[in-house]
Amino acid sequence: ESAIVAVEEHYWDAELSAYFAGSEGKRADEIERRLRDFEGDRIKDMDRAGIQIQVLSHGAPSAQKLSADIAVSLVQRVNDRLAIAVASRPERFAAFAALPTVLPEAAADELQRCVELGFKGAMLHGLSNGEFLDLKKFWPIFARAEALDVPIYLHPSHPHPSVAEAYYSDYATDFPMIARPAWGYTVEAGTQAVRLIVSGVFERYPRLKIILGHLGESLPFQLWRIDQALSRPGQKSISFRNIFSNNFWVTTSGFFSTPALDCCIEELGVDRILFAVDWPFVSESAPAVAWMKSTRLSAPDKAKILGGNARALLKL
Ligand code: GRE
Ligand code: ZN
């Protein structure tokens, strides 16, 4: 089996995206058109690239900024509509659920409901209403993910408003992407992952599986240094490297660099790398596939990254 699977491919639900505020509620017209498409450009782009399956997920911030009074029923409708889209083309689509993290127990129940509907896991986007996901109140979500043996994909979102203000606001006009994919997203998502590892959640739920996009949000490159610094005396005992190696997968979404990929393979091994495009924020999938095929990896290793690893992790 060598069909190509792309695991971080986004769409927008009309009802959910209407809740996105300010700059988070608007993308370039062409991107928004593609985010709302399932039948036209999306399938054409997949066909041109030779992608058999897109694992669909909502775009940022997805359900992570909803208020408790509306989140649960709204997210159920969002996931039900996504299930219908997948069912319309089961040979081309699979999906990650959105979860109403503002109510963690309900989010865990929604994850289970969705997995029973055929979803392959869930994707969470940045902080949940300003709170880091490693807080104990969110552990019911990780407990349920472990029990169901499905991964949680930690996707970036806009930095916390006070971070955006302190770190990026003076450059926001000249370089609006600086707080987003250029740097802010990676810091935000990488910080979530570092905090999750030190939180103890993997000691409590040792078979919990986490996916990071964008070649691991810089953590593979930093792995030696983080591991070394957290191993210095006067701290709790933890092996950051063991947890990152045992519990994490990374994807190529929006990051088609051979040196960066080589670093991920050297640190994590080829079995932990999944192919993704980040369509439609990356407007064409074919160059991403061509890049992967152009690397000097062996044919079996390319096949693992392009689809075999995703089929194993997501049970496709
Ligand atoms: C976004 O949500 O706006 C976004 C992504 C990924 C890359 C670029 C981008 O989710 O703007
Ligand atoms: Zn993405």
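Residues numbered from 1 in each chain as written. Chains lettered and ligands numbered in written order. Predicted model: local features only at pLDDT ≥ 70, side-chain atom pairs only at ≥ 80, totals over all residues. Heavy atoms only, no water.

Under an unreviewed UniProt entry, the name given to the chain is Amidohydrolase-related domain-containing protein, and the source organism is Pseudorhodoplanes sinuspersici.

Chemist: Sorry if this is basic, but what is going on with the layout of surface pockets here?
Modeler: Rolling a probe over the atoms, with the probe sized like a water molecule, indicates the empty space that remains. Roughly 600 Å³ of internal volume is contained in the largest pocket. The wall of the largest pocket is formed by 27 residues, among which Pro181, Tyr185, His214, Gly254 and Asp278 lie closest to the centre. Of all elements in the fold, only helix H8 (184-198), helix H10 (214-217), helix H11 (219-230) and helix H13 (258-268) reach the threshold of two or more residues within the lining of the largest pocket. Looking at the lining of the largest pocket, its residues break down into 16 nonpolar, 6 polar and 5 charged. Considering only enclosed or pocket space, the second largest pocket measures out at about 310 Å³ in volume. Taken together, 15 residues form the lining of the second largest pocket, with Ser23, His158, Pro159, Ala164 and Ala179 sitting closest to its centre. For the lining of the second largest pocket, a count of residues per class yields 8 nonpolar, 3 polar and 4 charged. (1 Å grid on protein atoms, 1.4 Å probe; cavity = no way out; pocket = protein on both sides within 12 Å on 5 of 7 lines; lining within 4 Å. Points joined across faces, edges and corners; volume = space filled by probe spheres on them. Helix = DSSP H or I, 4+ residues; strand = E, 2+ residues; numbered from the N terminus. Nonpolar A, V, L, I, M, F, W, Y, C, P; charged D, E, K, R; others polar.)

Chemist: Mind showing me how you'd approach the sheet that holds strand S7 (residues 248-251) here?
Modeler: Backbone-to-backbone hydrogen bonds join strands into a sheet, with any given pair of strands oriented parallel or antiparallel. Within the open sheet, the 5 strands sit side by side as S4-S5-S6-S7-S8. Their pairing is parallel. Each end of this open sheet is capped by a strand with a single partner; those strands are strand S4 (122-125) and strand S8 (273-274). Bridging between S4 and strand S5 (residues 152-155) involves 4 bridges; their strand directions are parallel. When the bridges of S5 are listed, histidine 125 appears paired with histidine 155. (Pairing = 2+ DSSP bridges.)

Chemist: Explanation requested: the UniProt feature "domain: Amidohydrolase-related" (unreviewed entry) in the chain in the structure shown.
Modeler: Sequence positions flagged by UniProt for "domain: Amidohydrolase-related" (unreviewed entry) are, in local numbering, residues 11-316. Secondary structure across residues 11-316 comprises 48% helix and 9% strand; the distance between its end C-alpha atoms is 20 Å. (UniProt positions renumbered as here; feature names shortened; annotations may be inferred.)

Chemist: Is there a simple way to think about the nonpolar core in this case?
Modeler: A general feature of soluble globular proteins is that nonpolar side chains tend to end up buried together. The biggest cluster of nonpolar side chains holds 77 residues, and the ones touching the most others in it are Phe142, Ile152, Phe244 and Phe275. With 6 residues, the top contributor of residues to this core is helix H4 (residues 71-88). Core analysis: the next-biggest nonpolar cluster, separate from the first, contains 15 residues, Val5, Met123, Leu274 and Ala310 among them. (Core = buried A, V, L, I, M, F, W, Y, C linked by side-chain atoms within 4.5 Å. Buried < 20%, exposed > 50% of the residue type's maximum accessible area, 1.4 Å probe, protein only.)

Chemist: Whenever I open this one, the coordination of the zinc ion (ligand 2) confuses me. Can you help?
Modeler: When a metal holds four donors in a tetrahedron, each ideal angle between them is 109.5 degrees; when it holds six in an octahedron, the ideal angles are 90 or 180 degrees. At this site the zinc ion (ligand 2) is bound by Glu8 (OE), His10 (NE2), His155 (NE2) and Asp278 (OD), with donor distances of 2.0 to 2.3 Å. One way to put it: the 4 donor atoms around the zinc ion (ligand 2) meet at angles of 86 to 170 degrees, and that makes the site irregular. (Donors = N, O, S within 2.8 Å, 3.2 Å for Na, K, Ca; no water. Tetrahedral: all angles 85-135°; square planar, octahedral: opposite > 155°, others 65-115°.)

Chemist: Even after reading the chapter, I still don't get the site of ligand 1, so can you show me in this structure?
Modeler: Around ligand 1 sit Arg27, His155, Arg180, Pro181, Tyr185, Asp278 and Phe281, and those are all the residues in its vicinity. Here tyrosine 185 contributes a side-chain N or O atom positioned 3.3 Å from an oxygen atom of ligand 1. Protein burial of ligand 1: of its 280 Å² of free accessible surface, 90% is covered by the chains. Comparing atom positions with the cavity grids shows ligand 1 to sit within the largest pocket. Along the lines of polarity and charge, the residues of the shell around ligand 1 split into 3 nonpolar, 1 polar and 3 charged. (Near = heavy atom within 4 Å. Polar contact = N/O pair within 3.5 Å; in protein donor to acceptor, adjacent residues only side chain to side chain. Areas by Shrake-Rupley, 256 points an atom, 1.4 Å probe, with all protein chains shown as cover. Sits in = over half its atoms within 2 Å of the grid points.)

Chemist: Honestly, helix H6 (residues 139-148) in this entry has me stumped. Any pointers?
Modeler: Two residues of an α-helix separated by three or four positions point the same way, owing to the 3.6 residues in each turn. Turning to H6, its buried residues number three or more, namely Trp139, Ile141, Phe142, Arg144, Ala145 and Glu146. The elements touched by buried residues of H6 are helix H5 (104-116), S5, H8, helix H9 (201-204) and strand S6 (210-212). In the stretch just after H6, aspartate 149 is the one whose phi turns positive, near 55 degrees. (Contact = heavy atoms within 4.5 Å.)

Chemist: I keep staring at empty space enclosed by the protein and nothing clicks. Help me out?
Modeler: This model, assessed by the stated rule, comprises 1 cavity of 30 Å³ or more. What the largest cavity holds in volume is close to 30 Å³. What lines the largest cavity is simply Tyr11, Ser57, His58, Ser62, Leu82, Phe96, Ala97, Ala98, Met123 and His125. The residue inventory of the lining of the largest cavity, partitioned by class, reads 6 nonpolar, 4 polar and no charged.

Chemist: When you look at the packing of H4 against H5 in this model, what are you seeing that I'm missing?
Modeler: Between two packed helices, both the angle of their axes relative to each other and the distance between the axes serve to describe the pair. Relative orientation of the contacting elements H4 and H5 amounts to 20 degrees, with a least axis distance of 11 Å. As judged from the angle between their axes, H4 and H5 are roughly parallel. Our pair here, H4 against H5, has a crossing hand that is right-handed. Touching Val72, Val75, Gln76, Asn79 and Asp80 of H4 are Ala106, Glu110, Arg113 and Cys114, all from H5. For the contact of H4 with H5, the per-class residue count stands at 4 nonpolar, 2 polar and 3 charged. (Axes fitted to C-alpha atoms, helices over the stretch in contact; angles between N-to-C directions. Parallel < 35°, antiparallel > 145°, perpendicular 65-115°, else oblique. Left-handed = near helix turned anticlockwise from the far one by under 90°.)

Chemist: Looking at this model, I keep getting lost on the sheet that holds strand S2 (residues 51-58). Mind explaining?
Modeler: The sheet built from 3 strands is open, its strands ordered S1-S2-S3 with parallel pairing. The two strands at the open ends of the sheet, each matched to only one other strand, are strand S1 (4-11) and strand S3 (93-95). Averaged over all neighbouring strand pairs, the angle between strand axes comes to 30 degrees, with direction disregarded. By the bridge criterion, 6 bridges tie S1 to S2 in an arrangement that is parallel. The partner of valine 5 across the bridge, within S2, is isoleucine 53. Strands S1 and S2 of the sheet are contacted by helix H15 (residues 299-314), whose axis makes an angle of about 70 degrees with S1.

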